[in-house]
Amino acid sequence: MATDLHGQLSPAAVRVEALTRAFNGRPVIDKLDLTLRPGEFTALLGRSGCGKSTLLRVLAGLDREIEGTVLVPKKRAVAFQSPRLMPWKRVWRNVLLGLPDSPGRAVAETALEEVGLGDRSDAWPKTLSGGEAQRASLARALVREPDLLLLDEPFGALDALTRIKAQQLVAELWQRRGCAVLLVTHDVEEALLLADRALVMRDGVIAYETPVDLPRPRDVGDPPFTALRTRLLSELGVDVPMTAKAV
Ligand SMILES: Nc1ncnc2c1ncn2[C@@H]1O[C@H](COP(=O)(O)OP(=O)(O)OP(=O)(O)O)[C@@H](O)[C@H]1O
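Computed from a prediction, not measured in an experiment: that's the story for all the values here. (Residues numbered from 1 in each chain as written. Predicted model: local features only at pLDDT ≥ 70, side-chain atom pairs only at ≥ 80, totals over all residues. Heavy atoms only, no water.)

Chemist: Quick question: what am I supposed to make of the nonpolar core here?
Modeler: Where a protein is soluble and globular, its nonpolar side chains tend to be buried together. In this structure, F41, L45, V115, L151 and L232 are the most contacted members of the largest nonpolar core, which totals 51 residues. Counting residues per element, this core draws most heavily on helix α4 (residues 130-142), at six residues. Excluding residues that lie within four positions of it along the chain, L151 makes contacts with L56, A79, L138, V170, V181, L182, L183 and V184. Grouped together as the second largest cluster of nonpolar side chains are 27 residues, A60, I66, L150 and A180 included. (Core = buried A, V, L, I, M, F, W, Y, C linked by side-chain atoms within 4.5 Å. Buried < 20%, exposed > 50% of the residue type's maximum accessible area, 1.4 Å probe, protein only. Helix = DSSP H or I, 4+ residues; strand = E, 2+ residues; numbered from the N terminus. Contact = heavy atoms within 4.5 Å.)

Structure, rendered in structure tokens:
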């Protein structure tokens, strides 16, 4: 069973020890250890099927069929690749969905303002664009005032421009809110643009990690950025071919 021991975590926001999760006898997570610091932005990379979403679901408390120790803050929120809005509820009601003591419409509207959707509070989900729906899903996470924000490929379904805007929004929200963020992504550049630390999951554990010690805002053309990207890609089993240098 996952354990919520808010207040006993300091100085870590998340502490995972010897976590194992098996499906049909096959361990997908295999004695994994992980610590996230409060306020830290961490990106989790790994090849498809390596267990990233499984780990995120455990941290979110959505999967308790586990062995090992999982200490997470009580106040945590999750946003998925699909915004998962209820089509029969207006946007502001979606934002408050699942909260035990509904804090009232004004709270939903403040969160919607924060993600730039202040004027769509009364809209039906089907009238939102993909990017707007994803922002509504972020607002739903924010009203929980999370100490830990779990993001599972939240930008994966967005077109390139909307994706850049959504990434910028998440960076702003993180800086303003100061919560720990764990972002699951396939995109090495996204990880390096946003995170303080990048982790690579392989064979059921965190097989590689690196600090992303680059000044913000980051420049994908910076040599240290490129060096980190090459290193992470190689950890993911992708060897970047040598390109001809401009002369
Ligand atoms: N409920 C389940 N029942 C059986 N197997 C599962 C279940 N959930 C996940 N798995 C298996 O666990 C492995 C890890 O899945 P997971 O979704 O965590 O990978 P992932 O790294 O997030 O992949 P992707 O990057 O493709 O989203 C996969 O082999 C998957 O088939």
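Chemist: How should I be thinking about the pairing of strand β8 (residues 180-184) in this particular structure?
Modeler: On any regular strand, side chains alternate: one points to one face of the sheet, the next to the other face. For β8, the tally of buried residues reaches five of five residues, placing the bulk of the element in the interior. Residues A180, L182 and V184 point to one face of β8 and V181 and L183 to the other, with burial holding for every one of them. As defined by bridge partners, strand β4 (residues 41-46) adjoins β8 across four bridges and the pair is classed as parallel. Directly across from T42, in β8, lies its bridge partner L182. Of the strand pairs in this sheet, strand β7 (residues 148-152) and β8 are connected by five bridges, and their pairing is parallel. (Pairing = 2+ DSSP bridges.)

Chemist: Is there a simple way to explain the UniProt feature "domain: ABC transporter" (unreviewed entry) in the protein chain in this structure?
Modeler: Residues annotated in UniProt with the feature "domain: ABC transporter" (unreviewed entry) correspond here to residues 14-228. In this annotation, residues 14-228 is assigned 32% helix and 28% strand; the end-to-end C-alpha distance for the span is 25 Å. (UniProt positions renumbered as here; feature names shortened; annotations may be inferred.)

Chemist: Hey, could you run me through the site of the ligand in this one?
Modeler: The environment of the ligand is formed by F23, R26, V28, R47, S48, G49, C50, G51, K52, S53, T54 and H186. Here an oxygen atom of the ligand sits 2.6 Å away from a polar atom, N or O, in the side chain of S48. Note that an oxygen atom of the ligand is positioned 2.8 Å from one of the backbone N or O atoms of G49. Burial of the ligand by the protein chains amounts to 58% of its free accessible area of 630 Å². Taken together, the elements giving at least two residues each to the shell around the ligand come down to β3 (26-36) and α1 (52-59). Broken down by element, the residue count for the shell around the ligand peaks at three residues, all from α1. (Near = heavy atom within 4 Å. Polar contact = N/O pair within 3.5 Å; in protein donor to acceptor, adjacent residues only side chain to side chain. Areas by Shrake-Rupley, 256 points an atom, 1.4 Å probe, with all protein chains shown as cover.)

Chemist: Please explain the environment of D63 as it appears in this structure.
Modeler: Turning to its location among the elements, D63 is positioned in the loop between α1 and β5 (67-72). Owing to a relative accessible area of 7%, D63 belongs among the buried residues under this scheme. Linking D63 and R21, residues 42 residues apart in sequence, is a C-alpha distance of 9.2 Å. Setting aside residues up to four positions removed in sequence, D63 forms contacts with R21, R57 and V58. A polar contact is formed between the side chain of D63 and the side chain of R21, at a distance of 2.7 Å.

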